[in-house]
Amino acid sequence: MYDFTFSMPTEVHFGKGKENLVGQLIKEKTDKVLFLYGSGSIKKIGVYEKIINSLRDSGIQFTELGGVKSNPRLELVNEGIEICRKESINFILAVGGGSVIDTAKTIAIGVPYEGDVWDFYSGKAKIEKTIPVGAVLTVPATASETNGCAVLTNETGMYKRGLKSDVLKPVFAILNPELTYSLPKYYMAASVVDIFAHVWERYFIKSEHSELLDRLCEGVFKTLITEGPSAVYERGYKSTGEIMWASSIAHNDILGIMGDFGSHRTGHEISAEYDLSHGGSLGITMCAWAKHVYKEDINRFCRFAVNVWDVTYDSDNPEKTALEGIKRMESFIHELGIPTTFKNANLPTDGFEKMAERAIDNGLGYVGGGFKKLYKEDIVNIYKLAE
Ligand code: NZQ
Ligand code: ZN
């Protein structure tokens, strides 16, 4: 087992109706908030009303800022920072999916920082201070509600970049599976793929493995395989509940702090270029990444095939076993309705060089690395494998 430092300061409230606690939870910290949300889904599903009532009942003053887009942008972050400074707001309440929570986190670190908040994403500044963020989750995917990550797109150049710091972890997260029932099938499916990818990034690493973490990862993979289709096609409290908690633990480091993240980084460029959903981009990159790298550690891919997909191990031909695991994963993603190729996603195939160049324009010259460093030619090859 490798060494690590782990902190999980977020208080989680899981269950039906827990969104009604929001006013009470904020009252313990402050009485003035920025209430941040997306493009209107929370109004359609009645959550907006409940939040407003809870805030009013607890005597919390709030300023609303709606309009966060999926694949969130820097412009709205700057607007939020200005509002908080002007109105002396010192708490951000994010109600929505990862895009809203990531925007909230970025506003929160931008308020006490005198420079351009993008400095944190471009590596020019280190996060030291933040104002607190609380989250009410409506998309079970990113784990932003309990982790220290945020992902943002800078519309100047369409750079999609991520941040990680313990400082960014929300003070509370409200998880009511019922709030996800209204998600369109596509977004629920993309969420399942995103959760799968978060476990995947931790499972395929080159460093010393921990049997405990491997088994936890395999348990989450199996849960996604059994509950994912039912959450997508039928909904219901049991399956969405399993998926909602899986989403948090898959990416808040309980399953391991080390990771590769090559599938994510190559996927971010597709999302930035074509405004494709995050989970949609991962359907394309995960399978292609596996085909590009599996020879680096065939045994690892065999374990994945046998323990996760119940493939029978072929000792005469381990490569066949490894490839069968990748094939079953590809079919699973496909059956959820998420494309695994550019063609099936109706995306052009003439931007591979440009996206690969942008991916490695991060001061390192490569992405990934926990399993395999991906240089420009690797990334282009991954995109080609998903053509
Ligand atoms: O804007 P609204 O109207 O709310 O619509 C949203 C949006 O169109 C809609 N939606 C949300 N809740 C709904 C609903 N529609 C109906 N019923 C509901 N209950 O769903 C759409 C997607 O929302 P979004 O927040 O974009 O989805 P998600 O949670 O998947 O977040 C994606 C973003 O998070 C980043 C991704 O790159 C992407 O930018 N990630 C953040 C991570 C993190 N902070 O740890 C890690 C991830 O790997 C990921 O990179
Ligand atoms: Zn992700």
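Being a predicted model, the structure only gives us computed values, none of them experimental.

J.: Quick rundown of the site of ligand 1? Include the residues and the values.
T.: Taken together, 34 residues lie near ligand 1, and Ser-41, Ser-70, Gly-98, Ser-99 and Asp-102 sit nearest. In the model, an oxygen atom of ligand 1 is placed 2.9 Å from a nitrogen or oxygen of the His-264 side chain. Taken by itself ligand 1 offers 960 Å² of open surface, and the protein chains cover 91% of this. Listed by contribution, the elements that provide at least two residues to the shell around ligand 1 are helix H5 (98-110), strand S6 (149-154), helix H7 (185-203) and helix H10 (262-274). Residues of the shell around ligand 1, tallied by class, amount to twelve nonpolar, 19 polar and three charged.

J.: Which residues make up the coordination of the zinc ion (ligand 2), and what values do they have?
T.: Each donor-metal-donor angle in an ideal tetrahedron of four donors is 109.5 degrees, and each such angle in an ideal octahedron of six donors is either 90 or 180 degrees. For the zinc ion (ligand 2), the full set of protein donor atoms is Asp-194 (OD), His-198 (NE2), His-264 (NE2) and His-278 (NE2), at a range of 2.0 to 2.2 Å. Along the chain, the residues that donate to the zinc ion (ligand 2) are spaced as D-x3-H-x65-H-x13-H. Highlighted residues: His-264 in helix H10 and His-278 in helix H11 (residues 278-293), separated in sequence by 14 residues. We classify His-278 as buried; its relative accessible area is 17%.

J.: Tell me about the domain arrangement of the protein chain, residues and numbers included.
T.: For the protein chain, the assigned domains are domain 1 (11-179) and domain 2 (184-385). Taking only C-alpha atoms, the centre of domain 1 and the centre of domain 2 are 27 Å apart. Contact with domain 1, which involves 28 residues of that partner, is made by 27 residues of domain 2. For the pair domain 1 and domain 2, the summed buried surface comes to about 2,300 Å²; carbon and sulfur atoms form 55% of the total.

J.: With reference to specific residues and values, describe helix H9 (residues 237-250).
T.: For H9, built from 14 residues, the straight-helix expectation of 20 Å at 1.5 Å per residue is met to within 8% by its first-to-last C-alpha distance of 19 Å. By the criterion of burial, H9 is predominantly enclosed, with ten of the 14 residues buried. Buried residues along H9 sit in contact with strand S1 (11-14), strand S5 (133-137), strand S8 (172-175), H7 and helix H8 (211-233).

J.: Describe helix H12 (residues 298-309), and please don't skip the residues or the numbers.
T.: An ideal rise of 1.5 Å per residue puts 16 Å on twelve residues; H12 measures up with 15 Å between its terminal C-alpha atoms. Along H12, the positions that sit buried rather than exposed are Arg-300, Phe-301, Cys-302, Arg-303, Phe-304, Ala-305, Val-308 and Trp-309. The inward-facing, buried residues of H12 abut H7, H8, H11 and helix H13 (318-335). Phi turns positive, to about 55 degrees, at Asp-310, one or two residues after H12.

J.: With reference to specific residues and values, describe the packing of aromatic side chains.
T.: A complete count under the given rule lists 34 aromatic pairs for this structure. When the ring of Phe-35 is compared with that of Tyr-48, the centres are 5.8 Å apart and the planes differ by 20 degrees; the resulting orientation is stacked. Taken together, the residues span a long stretch of sequence, with Phe-35 in strand S2 (residues 32-36) and Tyr-48 in helix H3 (residues 47-57) at a distance of 13 residues. Residue classification places Phe-35 among the buried residues on the basis of a relative accessible area of 0%. What makes Tyr-48 buried here is its relative accessible area of 16%.

J.: I'd like to hear about the nonpolar core, residue by residue, with values.
T.: Looking at soluble globular proteins, one finds that nonpolar side chains tend to be buried together. Of all hydrophobic cores here, the largest spans 65 residues; its most connected members are Phe-196, Trp-200, Trp-289, Phe-301, Phe-304, Met-329 and Phe-342. Within the residue set of this core, elements represented by two or more residues are H7, H8, H9, H11, H12, H13, helix H14 (352-360) and helix H15 (376-385). Broken down by element, this core gets its largest block of residues, eleven residues, from H7. Once residues lying within four places of it in the same chain are set aside, the contact partners of Trp-200 are Phe-221, Ser-263, Met-286, Trp-289, Ala-290, Phe-301, Phe-304 and Met-329. Counting residues in hydrophobic clusters, the runner-up holds 37 residues, among them Leu-34, Leu-36, Ile-107 and Ala-150.

J.: Describe the sheet that holds strand S4 (residues 92-96), and please don't skip the residues or the numbers.
T.: Pairing in this open sheet of six strands is parallel, and the strands run S1-S8-S5-S4-S2-S3 from one edge to the other. For this open sheet the edge positions go to S1 and strand S3 (61-65), each flanked by a neighbour on one side alone. Here the strands of the sheet are splayed against their neighbours by 15 degrees on average, with no regard to which way each runs. Direction of pairing for S5 relative to S8: parallel, over a ladder of four bridges. Its bridge partner being in S8, Gly-134 is matched across the sheet by Phe-172. Along the sheet, helix H4 (residues 74-86) makes contact with S2, S3 and S4, crossing S3 at roughly 160 degrees. Across the sheet, H9 lies against S1, S5 and S8, angled at about 170 degrees from S1, the strand it touches most.

What counts and how
Residues numbered from 1 in each chain as written. Chains lettered and ligands numbered in written order. Predicted model: local features only at pLDDT ≥ 70, side-chain atom pairs only at ≥ 80, totals over all residues. Heavy atoms only, no water. Near = heavy atom within 4 Å. Polar contact = N/O pair within 3.5 Å; in protein donor to acceptor, adjacent residues only side chain to side chain. Areas by Shrake-Rupley, 256 points an atom, 1.4 Å probe, with all protein chains shown as cover. Helix = DSSP H or I, 4+ residues; strand = E, 2+ residues; numbered from the N terminus. Nonpolar A, V, L, I, M, F, W, Y, C, P; charged D, E, K, R; others polar. Donors = N, O, S within 2.8 Å, 3.2 Å for Na, K, Ca; no water. Buried < 20%, exposed > 50% of the residue type's maximum accessible area, 1.4 Å probe, protein only. Domains from an automatic or database assignment. Contact = heavy atoms within 4.5 Å. Buried area = accessible area lost by both parts, 1.4 Å probe. Expected span 1.5 Å × (residues − 1). Phe/Tyr/Trp six-rings, centres within 6.5 Å; stacked < 30°, edge-to-face > 60°. Core = buried A, V, L, I, M, F, W, Y, C linked by side-chain atoms within 4.5 Å. Pairing = 2+ DSSP bridges. Axes fitted to C-alpha atoms, helices over the stretch in contact; angles between N-to-C directions.

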